[in-house]
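# Residue-level structural notes
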Amino acid sequence: MSEAKPFSISKHLVVEAFRRVKANRGAAGVDGQSLEAFEKDLKDNLYKVWNRMSSGSYFPPPVRLVEIPKGDGRTRPLGIPTVADRIAQMVVKQTLEPLVEPFFHRDSYGYRPGKSALDAVGVARKRCWSMDWVVDLDIRDFFGSLDHDLLMKAVKHHTDLLWIHLYVERWLQAPLQRADGALQARTAGTPQGGVISPLLANLFMHYAFDEWMRRNLPAVPFERYADDVVLHCASLAQAQQVLEAVRGRLRECKLELNLEKTKIVYCKDDRRVGEYSAHSFDFLGYTFRPRRSQVLGRRTFVGFLPAISDKAAKTIRATVRGWHLATWRNAQTLNALARWVNPFVRGWVAYYGRFYRSKCLEILGRCLTGALVKWAMRKYKRFRGRWVRAYRWLGCVAARDTGLFVLWTLGARPPAGR
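None of the values given here were measured: they were computed from a predicted structure.

Procedures and definitions
- Residues numbered from 1 in each chain as written.
- Predicted model: local features only at pLDDT ≥ 70, side-chain atom pairs only at ≥ 80, totals over all residues.
- Heavy atoms only, no water.
- Helix = DSSP H or I, 4+ residues; strand = E, 2+ residues; numbered from the N terminus.
- Buried < 20%, exposed > 50% of the residue type's maximum accessible area, 1.4 Å probe, protein only.
- Contact = heavy atoms within 4.5 Å.
- Areas by Shrake-Rupley, 256 points an atom, 1.4 Å probe, with all protein chains shown as cover.
- Pairing = 2+ DSSP bridges.
- Arc of directions from axis to C-beta.
- Polar contact = N/O pair within 3.5 Å; in protein donor to acceptor, adjacent residues only side chain to side chain.
- Expected span 1.5 Å × (residues − 1).
- 1 Å grid on protein atoms, 1.4 Å probe; cavity = no way out; pocket = protein on both sides within 12 Å on 5 of 7 lines; lining within 4 Å.
- Points joined across faces, edges and corners; volume = space filled by probe spheres on them.
- Nonpolar A, V, L, I, M, F, W, Y, C, P; charged D, E, K, R; others polar.
- Salt bridge = Lys/Arg side-chain N within 4 Å of Asp/Glu carboxyl O.

We now examine the overall build of the protein chain. A count of helices and strands for the protein chain gives 15 helices and eleven strands. With respect to the principal axes defined by its C-alpha atoms, the protein chain has extents near 85 × 60 × 35 Å. Each of the 418 residues in the protein chain was classed as buried or not, and the buried ones make up 49%. In the protein chain, 65% of the contacts between residues at least 6 apart in sequence involve partners at least 24 apart. With the model as given, the accessible surface of the protein chain reaches about 21300 Å², and the carbon-plus-sulfur share is 51%.

The buried fraction of strand β7 (residues 228-233) is high, at five of six residues. Looking at chain direction, strand β3 (residues 133-138) and β7 are connected through six bridges and run antiparallel. Of the residues in β7, the one forming a bridge with Asp138 is Asp228. Here strand β6 (residues 222-225) runs beside β7; their pairing, made up of four bridges, is antiparallel. Each bridged residue has a counterpart across the sheet, and for Tyr225 the counterpart in β7 is Asp228. Linking β6 to β7, which pair antiparallel, is a turn of two residues; within it Ala226 sits at a positive phi near 60°.

Given 3.6 residues per turn, any residue in an α-helix points the same way as the ones three and four places further on. Three or more residues of helix α7 (residues 148-158) are buried, namely His148, Leu151, Met152, Ala154, Val155 and His158. Viewed end-on, α7 has its buried residues packed into an arc of 155°, placing them on one side of the element. In α7, the exposed residues that point more than 90 degrees away from the buried face are Asp149, Lys153 and His157. Tucked into the core, α7 has its buried residues touching α4 (83-100), α8 (162-173) and α9 (197-216). Put simply, Asp147 is the residue that caps the front of α7, since its side-chain oxygen is 3.2 Å from the backbone nitrogen of Asp149.

Attention shifts here to the sheet that holds strand β4 (residues 176-177). Pairing is mixed in the open sheet, where four strands are placed in the order β2-β1-β4-β5. Both outer strands of the open sheet, β2 (75-80) and β5 (183-184), are each paired with one neighbouring strand and no more. Direction of pairing for strand β1 (residues 63-69) relative to β4: parallel, over a ladder of two bridges. Pairing of Val63 across the sheet is with Leu176, part of β4.

Here we take up the environment of His148. One can find His148 in helix α7. His148 sits 91 residues away from Ser57 along the chain, and the two C-alpha atoms are 21 Å apart. For His148, the side chain forms a polar contact with the main-chain oxygen of Gly189, separated by 2.8 Å.

Right, let's get into helix α1 (residues 11-24). Here α1 contains 14 residues, and its C-alpha end-to-end distance of 20 Å stays within 8% of the 20 Å for a straight helix at 1.5 Å per residue. Backbone nitrogen of His12 and a side-chain oxygen of the N-cap are separated by 3.0 Å at the start of α1; the cap is Ser10. At the C-terminal side of α1, Arg25 shows a positive phi close to 60°.

With that out of the way, let us pick up empty space enclosed by the protein. If a probe the size of a water molecule is rolled over the atoms, the empty space left behind becomes visible. Applying the stated criterion to the full structure yields three cavities of 30 Å³ or more. Roughly 90 Å³ of internal volume is contained in the largest cavity. Lining the largest cavity are 16 residues, with Val63, Gln89, Trp171, Arg186 and Pro191 positioned closest to its centre. Among the elements of the structure, α4, α8 and α9 are those that each provide at least two residues to the lining of the largest cavity. Classifying every residue of the lining of the largest cavity by side-chain character gives ten nonpolar, four polar and two charged. Computed from the structure, the second largest cavity encloses a volume of approximately 70 Å³. What lines the second largest cavity is simply Val341, Leu368, Thr369, Leu372, Leu394, Phe405, Leu407, Trp408, Ala412 and Pro414.

Here the focus is unusual backbone geometry. Located in the positive-phi region is Arg25, a residue other than glycine, with phi close to 60°. Of note, Arg25 is situated in the loop between α1 and α2 (35-40). If you check the backbone angles, His324 has positive phi at about 50° while not being a glycine. Mapped onto the fold, His324 is located in the loop between α11 (310-323) and α12 (334-352).

This paragraph deals with the pattern of salt bridges. According to the stated counting rule, one finds 21 salt bridges in the structure shown. With its nearest N and O atoms 3.3 Å apart, the salt bridge here joins Asp269 to Arg272. Here Asp269 falls in the buried class, since its relative accessible area comes to 7%. Through salt bridges with shared partners, a single network forms among Arg106, Asp107, Arg127 and Glu223.

Spatial relationships are all this shows, so hold off on functional conclusions.
Quick look at the structure:
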């Protein structure tokens, strides 16, 4: 180690960071440089990242701000770092993550190796069977509200590497650049879209929530995915007490609950008597509510179960409409459409069909069948203005070639017409 290079950072670590950033893809940052452009002079560009990080002279550029529309008409701010900055962040993540990961709570599922959103949904499903009440938390502007001092305290607790302290602090302070070029200073939060942001958010919530729950409310199980949290309680009185306690704790950590969206929910099913105003909640793209089900195809019962949420279904329908399949001139055959549609359907079914699959298939069947019928009406003159005939024709095709569309293979296909 020299005065010129006070920080010992491996070149191999920088190369591996680039590989991971490349695998994750991503858009260009404020400098407009794409991954492909960065690769044209890869050796020199990676050397610059390593040299500046090792010497302590690396300063992150502003983060490009992109406003992503939300279902309620508002937008979600997304910060896009430059390619070089994503690589630098990945260098820190690769070093910091192994130091903090062993301490994280078993019921923290977001952005963690070996854990997933579906794991969290599955555990929540089981706990809703055994405990009658749920507290559904909604934290207002979580990623934009994280206190920098508290976050840096947590980082320093787990590592004494000064270069990690230095660069995490610089990333927290890096300004956002709006579409018009104006810079927006940041005094709190870590922008969604940054490579290091999910790890920092988890670290913050580990001490703000997870550890506090373990020490103070060990009998109250929960599932947390970043800032999405549900807690399970045995009674309404306990749920009300837990909500107030958690609200106070988060306030101590300079976080605020959105009381319009935070709610207490009764897990109503056949076994549970009594009524309460809220019988459903959304968690990670699923809606938990009373649903009719069967035991091995025999007795029917009403259980408190998760299925694809209305919000997720709306997003899927908007995606399919956005394809404008009926106007595709290069899609001369159903085979061409199937090659485009099938990968999306596999992904949707793999996630939203894990629990109560029939609801997911019903939604996909309706919107995709409608899109294919419109395609047939536009392509074939004999179906112009004749929706029913086109629908029946599509059913005959599905009966002959069940494997053409993934959805047909799964049983969601139109009936054969005559």
